[in-house]
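Breakdown of the fold
Next come the chains, spelled out residue by residue.
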Amino acid sequence: MKPTKTLRRQLLQLTGPIFVETLLIMLLGAMDTFMLSHYSDDTVAAVGVVNQLLNLVFLVFGVSTVGTSVLCSQYLGASQQANVRQVIGVSLVFNTLIGGITSAFLYFRAEALLKMMDLAPELISEGLAYMQIVGGFAFLQAIALTMSAVLRSHDKAYYPMRVTLLMNVLNIIGNYALIFGKFGLPQMGVVGAAISTSSCRMVALVLLFYITFGKVVPRFSFSCLKPFPWDKLKNLLHIGLPAAGEQVSYSLSQVVITYFTVMLGTAALTARTYAMNIILFSYVFSVALGQGAAILIGHLVGGERTDAAFVLQKYCLRLSIVVSICVAIVTAACSKFIFGMLTSNPEIVYMGIIILCIDVVLEVGRAVNILSVNVLNAVGDVSYPFVTGLIVMWGVATALSYVFGIFFGWGLAGMWVAFTLDENIRAIIFVRRWNSRKWEGKAFTRVEKLLKQTSSHSA
């Protein structure tokens, strides 16, 4: 059974811009890696570890932004505009505060964090400046993510897409000028890449702020927070903590696995960094489709159309799997050529080819998981993905990465086998959860409606 043409058209209108924006965001990070690969393999390894740590810390911002997207989508579906404005205000205050604390932590504790990863001294010196500059401006990312969540939930995903496109153009120019010392500027290497990335995020934040409050939510005022709507903060955290917790659990497990990879040597660490940047493009469509489907399904459950939400998820699931597998097969087929462009080290090329071939099977499970986690969060079933992820990620991906990769001596290939088992086991669990329809009745708009009815009857 297929969703109606109207729903498919709405899905396309949402997913298209989100796909382009997500692709551009991934290109932003990949471009740093690609340009630095022409500077030094050691620099790539160092920045790869730094970005693993930064991605983990940045997920703290998801506590608010995931909740913002879900609540705004449901309240918009139920035509509750006052609640939408309160959610936006609470999210902005929360993420600005958390962003400031995070920036200070990353700047002052950068060296300690890198030493914790047991990096070689020469890699620490490469990664320290990048960590302090990009991490020190983390608050920009915190506020920008809130703006993007608000715009997407209002079906205005094309605005963040355009801003991200501009960011990429500026970042490419900035990287070229500052890494290699062009246009009369000094050659700054990894420091130049960090300055370029942070400057682009500042430009993006200014533009997103103007678009959000100048065009999409023009009547917003922080007076809506008087008295402070603690119930909205509670709902944001109720959604955001488990949702972000699932992502934090994944990223933290990846940090531990990165530590295992350090034990395999710099060549393995570099190969992993290159591979992960290449593999991003295998699941970028699933990420975009998952976010677009979550917003649309949030609107549907807010309007109490659960049957339509159930059918739409099935349609998106099939589409996500097909596209991800096709891209992964093409990437694996071109793996020798791709790695050959990035490095001349035959050991890194060999490891990379094996990883991309194993990854074809992994992407089946990942496509299911990305979509499932997004839609389960969207319908209010937020604890299930978190608990499932916590158990399976650590019990399978992390534990078996050490067993296969280090204990059995299979190296990176063994670690990727562990990742493949993890993704596909979770995929089976999530499909069963959606088909059981136990998520019905968990929408926040429905819960609030029942509470109001109970209060009126009591009165």
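From a predicted model like this one, the values you see are computed outputs, not experimental measurements.

1. Structural notes on the domain arrangement of the protein chain
Partitioning the protein chain into domains gives domain 1 (7–217) and domain 2 (240–447). Computed over C-alpha atoms only, the centres of domain 1 and domain 2 are separated by 20 Å. For the domain 1 and domain 2 pair, buried surface summed over both sides reaches about 4,200 Å², with 75% attributable to carbon and sulfur atoms. Its largest share of buried area at the contact with domain 2, domain 1 owes to M26, Q52 and Q74, together 16% of the area lost on that side. Between the two partners, domain 1 and domain 2, sit zero salt bridges. Here domain 1 is connected to domain 2 by two residue pairs in polar contact (both at pLDDT 80 or more).

2. A look at the packing of aromatic side chains
Going through the model one piece at a time under the given rule, you end up with 18 aromatic pairs. Seen in terms of ring centroids, F137 and F139 are 6.2 Å apart; in terms of plane orientation they differ by 35 degrees. Their pairing is tilted. A residue is classified by how much of its surface remains accessible, and F139, at 28% relative accessible area, is partly exposed. Ring centres of F310 and W434 lie 6.3 Å apart, and the angle between their planes is 5 degrees; on these two criteria the pair is classed as stacked. Here W434 lies in helix α16 (residues 411–436) and F310 lies in helix α12 (residues 306–333), a separation of 124 residues in the sequence. It is R433 that lies over the ring of Y384; its NZ or CZ is 4.2 Å from the centre. Residue placement shows R437 over the ring face of F310; its charged tip is 4.4 Å from the ring centre.

Calculation notes
- Residues numbered from 1 in each chain as written.
- Predicted model: local features only at pLDDT ≥ 70, side-chain atom pairs only at ≥ 80, totals over all residues.
- Heavy atoms only, no water.
- Domains from an automatic or database assignment.
- Buried area = accessible area lost by both parts, 1.4 Å probe.
- Salt bridge = Lys/Arg side-chain N within 4 Å of Asp/Glu carboxyl O.
- Polar contact = N/O pair within 3.5 Å; in protein donor to acceptor, adjacent residues only side chain to side chain.
- Phe/Tyr/Trp six-rings, centres within 6.5 Å; stacked < 30°, edge-to-face > 60°.
- Buried < 20%, exposed > 50% of the residue type's maximum accessible area, 1.4 Å probe, protein only.
- Helix = DSSP H or I, 4+ residues; strand = E, 2+ residues; numbered from the N terminus.
- Lys NZ or Arg CZ within 6 Å of the ring centre and 35° of its normal.

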